[in-house]
Amino acid sequence: MGMRMVYLLPQLVSDAADHDPDQLAFVCRDSTLTYGELEQRSNALAHALIARGVQRGDRVGVFANKSVETGVAMYGIMAAGGAYVPLDPTSPPSRLAYVIQDCGIHHVIAENRQRPTVTGLEKLGVKLDTVIGLTDADIAYPAMGWDEIGSRGEAPRRRVMEQDLCYVLYTSGSTGVPKGIMHTHRSALSWAYVTASEYSIGDDDILSNYAPIHFDLSTLDFFGGAKGRATVVMIPEEHMKLAASLASVLEQSQITLFYTVPRALVQLSTPGVLDQRDFSSLTRILFGGEPMPLKHLHSLMRKLPGTRFYNVYGPTEVNGVTHYEVPGPPPVDGDALPIGVPYDNVEALVLDEEDDPVPQGEVGELAIRSATAMRGYWGRPDLNKRAFYFRDRFDGIPEVFHRTGDLVHQDRDGVYNFHGRKDRQVKSRGYRVELDEVEAVLVTHIDVVEAAAYGVPTQDGTTEIHAAVTLTRASASTPSTLRTYLAETLPAYAVPTTLTVLEDFPRTATGKIDRRRIAEGNKALSTSGERS
Amino acid sequence: MSEGDLRQGLREFISHELLMDETAVLDDDQELLLDGTIDSLGATRLVGHIEGTWSIKIPPEDVTVENFRTIATMAGYVERRVVDGSGP
C-alpha cells in the first residue's frame, strides 16, 4: 500500500484497522470492540448520520456514559464530517438544553439510560431532528435504534479538512455560563502525535480512559491511544467513585498508562487501597487538571516504585502543553510541583499586564502557541477577543498565542512553575494573595486531606479569604488549630478569616473541587458552630 | 434487626441526607452509583453513616461497586458484617 496522508482523526482508526483489525480498540465492562469493528461501525453510523441530514461542520451531541458505543459515536460523527459535542449525563436538563441550543445541535446520539432526560428535553422546548440509539416508541423525537444503522463499512466520501471542527467541549465559565471550546482535527491530531511520542504509546499498551468524554483528559486516552494502536479500557463511572473498585479495574485490566486527576490519586493513596495488588504493568501515571497534593503523591510513589509519574499541564483550550516528570517521591512540605517544560513544537511566553514579556524568573500570564490550540470559543466573540495574543512577525501577519489566564514563572533551568489562575489572585487588606498557595499550605498539615480557599467580597470593597478543608478520619484538628498552623507559614493577611470543616467537597462535572458551591454552601451555613 | 429495616434505614439516609428529597422514590435494585444518585462525596458520607449507625468499621477495600451498587447489595453487606460478627 502506498503512503497515505493522515490529517483526520478517523484515519487513525482506519490505519490501526489496516495494521491489525483484531487488535482491541475499546473495552468497557463486558463489551469489547476491535479496531476493525470500530472502523466498520463508526463508518456505518456516519452513513446513517449523513442520510439523516448531517452536513460537514454540524455539531452532533453524544449523550452517554462510558460504553464502547460512545467510542463508535465519536468516530462516527467525525467520519460524517461533523463535530461531536459531549452532553454530560450528570448535568441538569436546563444545562443540557442550554448546550444543545447554544451549539445549534440538531442530532443527538443517546444511550438508552438517558431516555427519561431526552423526554424531559422536549418539555424544555428543545427541538431535535434525530435521536440515534433510541426508538420512536420511546420518545417524541424522530429516532433510530442502533439495529437500524446498517452495515456500510467504507468511509463516506466527504470533503473534510484538518482545519474542520472535530469536537466542541463545554466547560464552566467563571460567570457560570458554559462556553464551548472548539477543536479541530488538526489540534486533536497534533495532541495525539505529541502524547503517543512523549509517552511512547504503542500497540502493546493498555490505556485507561478515566475522564468522561466531556472532560478534555479523555482526548489523550482516545486519540493518543488510537495513534499508538493501543487498547483503551474505559473505566465505568460506578468504579470511579470508589477507591477500591478503581484500584481493582486498574489491576485486573493490566493498565499500562493511567491518565487521571489528582483527586483519583488521592483516593488511591488511602491506606489499604493498593495493598496486596499487583501493579507491575502500570509503568506511567499522568495527572493534570488541578495541583497535586504532595503528601499523597509521596505515599503513592513509594507504593508504586516502578511507575513514572508526570504532571501534565494545559487548559482545555490548548490541550496539554507542558509536563514535568516527578523525579522521585517529593518532600511532603516542599514547593508545589512545577508544570515543567513545553512539549516539542510548543512555544511559551510569559506576559505582564501590558502584554510585554517579563524578564526570566518573574511571574506573568502564560501564553501558548501550539498546533494543539483550539480554534476559539463557539459563538463568543467577546471571549475570543480576549483569548488570543497576537505577536506581529511578518509585516502584519501575526503569530497567534492563546492566553491561558494562568500565572507562571520560569526558573533558571527553563522549567515553568504554576502560580494559580490570574483570577485566583485576590487582594486582601491591600496585599496580593494567591489562593492556591493558601490551599497548598493547608494540605501540608497531617490531618488535612484536601483544601479549598476562596475570596469573599466584603461590603467595604475588600476581599476576605475563606477556606474549607476535609480531614482524615483520625483527625483531632479544629478550625482554630489549623489557623494557628497556617499562621506559622503564611503572613497574617493570607490566613483565612473563616475556616470550615466539611465531610467532603462538592465537585464540578469534571471532578474538580467546586469552590463556588463550597462558598455558597458556607454562606448558607454562616451561623454554624463549626467555624472559628 | 431485619434486612428490611436495614434497607429502610439506607433508603431514608440516601433520600433525606444525600438527595435532600424526602419524596424521592428509590428502588432496592436501582444502580445508585451508575445513575449518579451517589457520587464520591455521597459514598464517603454513606460509609460514615453506616459505620455510625450499625457500629461497624468498613475497611477501604470493602468500599467496592459490588457492595455499594444498590440498596440491596449495601444491606446484604451490612447484614453480613453485623450478623456474622465479621466485624472490626
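Keep in mind the model is a prediction, meaning the values are calculated, not measured. (Residues numbered from 1 in each chain as written. Chains lettered and ligands numbered in written order. Predicted model: local features only at pLDDT ≥ 70, side-chain atom pairs only at ≥ 80, totals over all residues.)

Draft legend 1. Summary view of the overall build of chain B. The number of helices and strands found in chain B is four helices and zero strands. Listing each helix as α and each strand as β along chain B from the N terminus yields α-α-α-α. The globule rule puts the C-alpha radius of gyration for 88 residues at 12 Å, and the 12 Å found for chain B is close to it. Among the 88 residues that make up chain B, the fraction classed as buried is 28%. Taking the contacts inside chain B whose residues are at least 6 apart along the sequence as the reference set, 61% of them involve residues at least 24 apart. (Helix = DSSP H or I, 4+ residues; strand = E, 2+ residues; numbered from the N terminus. Rg over C-alpha atoms; globule rule 2.2 N^0.38 Å. Buried ≥ 20, exposed ≤ 12 C-beta atoms within 10 Å, placed from the backbone. Contact = placed C-beta atoms within 7 Å.)

Draft legend 2. Up close: helix 6 (residues 185-198) of chain A. Residues and elements named next belong to chain A. Compared with an ideal rise of 1.5 Å per residue, which puts 14 residues at 20 Å, helix 6 spans 20 Å between its outermost C-alpha atoms and is within 8% of the ideal. Judged by how many residues are buried, helix 6 sits mostly within the fold: 11 of 14 residues are covered. Those residues of helix 6 that sit buried are His185, Arg186, Ser187, Ala188, Leu189, Ser190, Trp191, Ala192, Val194, Thr195 and Ala196. Those residues of helix 6 hidden inside the fold are in contact with helix 1 (9-19), strand 8 (165-171), strand 9 (179-184) and helix 7 (217-227). At the C-terminal side of helix 6, serine 200 shows a positive phi close to 50 degrees. (Expected span 1.5 Å × (residues − 1).)

Draft legend 3. How the structure looks around the nonpolar core. Residue and element names in this part refer to chain A. Within the largest apolar cluster, 181 residues are counted, with the highest numbers of intra-cluster contacts made by Val62, Tyr84, Val85, Val168, Leu442 and Ala467. Per element, the largest residue contribution to this core is eight residues, and it comes from helix 3 (residues 68-79). Beyond its immediate chain neighbours, meaning those up to four positions away, alanine 467 contacts Val438, Leu442, Ala451, Ala452, Ala453, Pro496 and Leu499. (Core = buried A, V, L, I, M, F, W, Y, C linked by C-beta atoms within 7 Å.)

Draft legend 4. Spatial organisation of the domain arrangement of chain A. In terms of domains, chain A is made up of domain 1 (1-20 + 27-200), domain 2 (235-427) and domain 3 (429-524). One C-alpha centre belongs to domain 1 of chain A, the other to domain 3 of chain A, and the line joining them spans 40 Å. (Domains from an automatic or database assignment.)

Draft legend 5. Local environment of the sheet that holds strand 27 (residues 498-502) of chain A. Residues and elements named next belong to chain A. The strand order across the open sheet formed by three strands is 25-26-27, and the pairing between neighbours is mixed. Two strands lie at the open edges of the sheet, namely strand 25 (448-457) and strand 27, each paired on one side alone. Averaged over all adjacent pairs, the angle separating strand axes in this sheet is 20 degrees, with direction ignored. Packing of helix 13 (residues 435-443) onto the sheet brings it into contact with strand 25 and strand 26 (463-471), and relative to strand 25 it is tilted by some 150 degrees. (Pairing = 2+ DSSP bridges. Axes fitted to C-alpha atoms, helices over the stretch in contact; angles between N-to-C directions.)

Draft legend 6. The pairing of strand 8 of chain A, seen in detail. All names here are of chain A. For strand 8, the buried fraction is high: six of the seven residues fall into the buried class. Examined bridge by bridge, strand 8 and strand 9 share six bridges and lie antiparallel to one another. Bridge pairing in strand 9 places threonine 171 opposite lysine 179.

Draft legend 7. Representation of helix 4 (residues 71-83) of chain B. All names here are of chain B. Here helix 4 spans 18 Å end to end across 13 residues, near enough to the 18 Å set by a 1.5 Å rise per residue. For helix 4, the set of buried residues is Ile71, Met74, Ala75, Tyr77, Val78 and Arg81. Down the axis of helix 4, the smallest arc covering the buried residues is 160 degrees, so these residues share one side. (Arc of directions from axis to C-beta.)

Draft legend 8. Representation of the pairing of strand 20 (residues 388-394) of chain A in the model. Residues and elements named next belong to chain A. Burial analysis of strand 20 places just zero of its seven residues in the buried class, a small minority of the element. Here six bridges tie strand 20 to strand 21 (residues 397-410), and the two strands are oriented antiparallel to one another. Its bridge partner being in strand 21, phenylalanine 394 is matched across the sheet by isoleucine 397.

Draft legend 9. How the structure looks around the interface of chain A and chain B. Each side of the interface is counted separately: chain A has 17 residues, and chain B has 19 residues. For the side of chain A that touches chain B, the elements supplying multiple residues, two or more each, are helix 8 (237-240) and helix 9 (243-252) of chain A. Looking at side-chain class alone, the side of chain A that touches chain B contains six nonpolar, five polar and six charged residues. (Nonpolar A, V, L, I, M, F, W, Y, C, P; charged D, E, K, R; others polar.)

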